[in-house]
Amino acid sequence: MNIPKHDVLLVGGGGAGLRAAIAAAEAYEGASIGVVSKVYPMRSHTVSAEGGTAAALRDDDSLDLHAYDTIKGSDFLADQDVVEKFVQDAVDEVIQLEHWGCPWSRDEDGRVSVRAFGGMSAKRTLYAADKTGFHMLHALFQTSLKYDAIQRYDEWFATSLLIDDGKVRGVTAINIRSGGVHAIAAKSVIICTGGAGKIFPFTTNAAIKTGDGMALAYRIGCPLKDLEFVQYHPTGLPGTGILMTEASRGEGGYMINSEGDRYLSEYVPGKMELGPRDILSRAFVHEMRAGRVFDGPYGNYVHLDLRHLGEKVIDEKLPFVRELTKNYVGIDPVYEPIPVRPVLHYCMGGVHTDIEGATPIPGLYAAGEAACVSMNGANRLGSNSLTECLVFGALSGRSAGQYALEQDYLDPYTIDRMAQDEQKRIETQFFGDGGKERVANIRDDLRSTMEQGVGIFRTDEELKATCETIRQLKERYQNVGLDDKSSVFNTELIAALELGYMLDVADGLAHSALQREESRGSHSRSDFEERDDEKFLQHSLAYQTDGDPRIEYLPVTLTRWEPEERKY
Ligand SMILES: Cc1cc2nc3c(=O)[nH]c(=O)nc-3n(C[C@H](O)[C@H](O)[C@H](O)COP(=O)(O)OP(=O)(O)OC[C@H]3O[C@@H](n4cnc5c(N)ncnc54)[C@H](O)[C@@H]3O)c2cc1C
């Protein structure tokens, strides 16, 4: 029986997945590594990251300052031991990436350039113009090609985690090109499937960000941590949601309301445009309620003004912003301000892991945006997450490799039977004749209820309504029917499976938000406006059950920084 097998299997070939694959390949002699990715790795969302990646490199900066900024940015929900590890390893990781060929932008004196980013008290964001993710992913991808131990499964779509005797033993996946469910045996599996921004209607996220890995872990009993915390980025283009990178403000751009004021002086006087994203997104809503915003075909917006930076700086530091605005809104930022509004950008929560990337399920690891190692807490600082992919990708790759050393493969007959069961499950659910519901309709309804109930501001009433709507949508999902019953490149089937993942993640998210009766970081309850450290200095853990998700809590790890009021 010819079932492929690997010591370490990655689900995901983005920044975290490729970094983990390289670390696992280096973990020990003879290790065999598989990388399953539903898109060609260079098309992972990491490729679209623009602004940069954080590490404390300069003399006016320090590891402690980077740690403090991250912890304060997280509204004290980050685990401080994790943050300390993160800032330390960040430095080595970005230098390592330089050695692997990442072309960082440089100053005149040859040093790697750094720029300002929101909530950071020193310039510590390394960048490659405003195409940082592209260059980082390219450096990782070309490095991964040097390892014979790494075998790729491009355009394979993972449908389930195989579990036996309480341990993860591989995955089932559809080869999208030829169809059919296949098993891949593994001694350990690392989930690196990225975020779930697509459960919201208006997002910077690529179409592939549907929370797949989070749901796969959730379905085998692994808790999802801090799901209620999702980040709105204050500067997306109305209509498309395309991101205007925070680097535009880092380089000196202004946010201007319809009265011509730099309105952030009202909200974050100490930082202005370089305030953290959660506060800037809320400031927009306050301005909107006060009637000081513009009205356009895609709703309200404010202006991001770069004109005073001049053409030379824009072309050198923000060429992609100019390209995007010219192509998508017909505006040249050298001469005109850019219309922007908050847009859903990032999931702080995800698969619950410890500092090494291990989940509570033996053999299962996670890293990158799909994971919640607890370094971002209630609000991530921009440019920390590319570095997170490097640091915790590497750590999880090493620890999964070590774990695999002491494990055996599950026998091929059992694995094959599991794959056949999975094939039957998918055929029965989607290829019967009865299903009247359409994927797109349920998906649209999911997105609009998420925006209504778990948007920038939340209330008990709206959250309960959203939880109930999701329950109904999950029922409707049982009656989904597909028009395309073919096997080759059946994108309708992939979309149906992704919708199942989205519903699971949305359900956990809405219930976690309902039960957190406080405001902290990105989670802003109009009915509980204060942060409540006594009750909620805790991570939420959502567990899947037959009914509503069960929410448990886990205390935050504090080391050297006492929680204080978060003011900028
Ligand atoms: C527009 C944009 C700009 C950003 N800019 C910055 C920035 O400047 N700095 C910063 O720090 N952060 C930035 N971020 C955030 C950061 O880019 C992401 O958090 C990070 O790149 C996520 O990397 P990842 O490896 O976890 O996941 P991804 O890069 O999203 O990769 C996910 C991988 O999982 C695979 N996958 C998913 N589901 C399945 C499945 N079912 N089966 C098989 N494979 C699957 C995909 O094929 C893909 O390879 C930005 C994000 C966006 C959207």
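Residues numbered from 1 in each chain as written. Predicted model: local features only at pLDDT ≥ 70, side-chain atom pairs only at ≥ 80, totals over all residues. Heavy atoms only, no water.

Where empty space is left becomes clear once a probe the size of a water molecule has been rolled over the atoms. In this structure the tally under the stated criterion is three cavities of 30 Å³ or more. Of the volumes computed, that of the largest cavity is approximately 50 Å³. Looking at the largest cavity, the residues that line it are Val230, Tyr232, Arg277, Asp278, Ser281, Arg282, Ile456 and Ser522. Elements supplying a minimum of two residues to the lining of the largest cavity: strand 11 (230-236) and helix 7 (277-289). With four residues, the top contributor of residues to the lining of the largest cavity is helix 7. (1 Å grid on protein atoms, 1.4 Å probe; cavity = no way out; pocket = protein on both sides within 12 Å on 5 of 7 lines; lining within 4 Å. Points joined across faces, edges and corners; volume = space filled by probe spheres on them. Helix = DSSP H or I, 4+ residues; strand = E, 2+ residues; numbered from the N terminus.)

Take the site of the ligand next. Contacts to the ligand come from 39 residues, most closely from Ser37, Ser44, His45, Thr46 and Glu369. With respect to the ligand, the backbone of glycine 52 contributes an N or O atom lying 2.8 Å from a nitrogen atom. Contributions of two or more residues to the shell around the ligand are made by helix 1 (15-25), strand 2 (33-37), strand 7 (156-164), strand 15 (338-347) and helix 10 (384-405). In terms of residue count, helix 10 provides more of the shell around the ligand than any other element does, four residues in total. (Near = heavy atom within 4 Å. Polar contact = N/O pair within 3.5 Å; in protein donor to acceptor, adjacent residues only side chain to side chain.)

In this section: the packing of aromatic side chains. Both the distance between ring centres and the angle between the ring planes are used here to describe each pair of aromatic rings. One pass over the full model with this rule turns up 10 aromatic pairs. Centre to centre, the rings of tyrosine 365 and tyrosine 403 are 6.1 Å apart; their planes meet at 65°, and the pair counts as edge-to-face. Separated by 38 residues along the polypeptide, tyrosine 365 in strand 17 (residues 364-366) and tyrosine 403 in helix 10 bring together distant segments of the chain. Of the two residues, tyrosine 365 and tyrosine 403, both sit in the buried class. Centre to centre, the rings of phenylalanine 430 and tyrosine 477 are 6.1 Å apart; their planes meet at 65°, and the pair counts as edge-to-face. Here the residue phenylalanine 430 occupies a position in helix 11 (residues 412-430), and tyrosine 477 occupies one in helix 13 (residues 460-477), the gap between them amounting to 47 residues. With a relative accessible area of 1%, phenylalanine 430 lands in the buried category. It is arginine 380 that lies over the ring of tyrosine 346; its NZ or CZ is 4.0 Å from the centre. (Phe/Tyr/Trp six-rings, centres within 6.5 Å; stacked < 30°, edge-to-face > 60°. Buried < 20%, exposed > 50% of the residue type's maximum accessible area, 1.4 Å probe, protein only. Lys NZ or Arg CZ within 6 Å of the ring centre and 35° of its normal.)

This part is about the domain arrangement of the chain. Domain boundaries in the chain define domain 1 (5-229 + 348-414), domain 2 (234-342) and domain 3 (428-526). The C-alpha centroid of domain 2 is placed 29 Å from the C-alpha centroid of domain 1. Carbon and sulfur atoms supply 54% of the area that domain 1 and domain 2 bury against each other, a total of about 1,800 Å² over both sides. When the buried surface of domain 1 facing domain 2 is broken down by residue, Glu50, Asp130 and Phe202 rank first, second and third, together holding 35% of it. In this structure, glutamate 323 and lysine 131 form a salt bridge, with 3.6 Å as the shortest nitrogen-oxygen distance. Summed over the shared surface of domain 1 and domain 2, the number is 10 residue pairs in polar contact (both at pLDDT 80 or more). Its residues assigned to classes, the side of domain 1 that touches domain 2 shows seven nonpolar, eight polar and five charged. (Domains from an automatic or database assignment. Buried area = accessible area lost by both parts, 1.4 Å probe. Salt bridge = Lys/Arg side-chain N within 4 Å of Asp/Glu carboxyl O. Nonpolar A, V, L, I, M, F, W, Y, C, P; charged D, E, K, R; others polar.)

Attention now moves to the packing of helix 12 (residues 439-453) against helix 13. Close contact between helix 12 and helix 13 brings their axes to 9 Å; oriented N to C, the two are set at 170°. When the axis of helix 12 is compared with that of helix 13, the two are roughly antiparallel. In contact with Asn441, Ile442, Asp445, Leu446, Thr449, Met450, Gln452 and Gly453 of helix 12, helix 13 contributes Glu462, Leu463, Thr466, Thr469, Ile470, Leu473, Arg476 and Tyr477. Of the residues that constitute the contact of helix 12 with helix 13, the class distribution is seven nonpolar, six polar and three charged. (Axes fitted to C-alpha atoms, helices over the stretch in contact; angles between N-to-C directions. Parallel < 35°, antiparallel > 145°, perpendicular 65-115°, else oblique. Contact = heavy atoms within 4.5 Å.)

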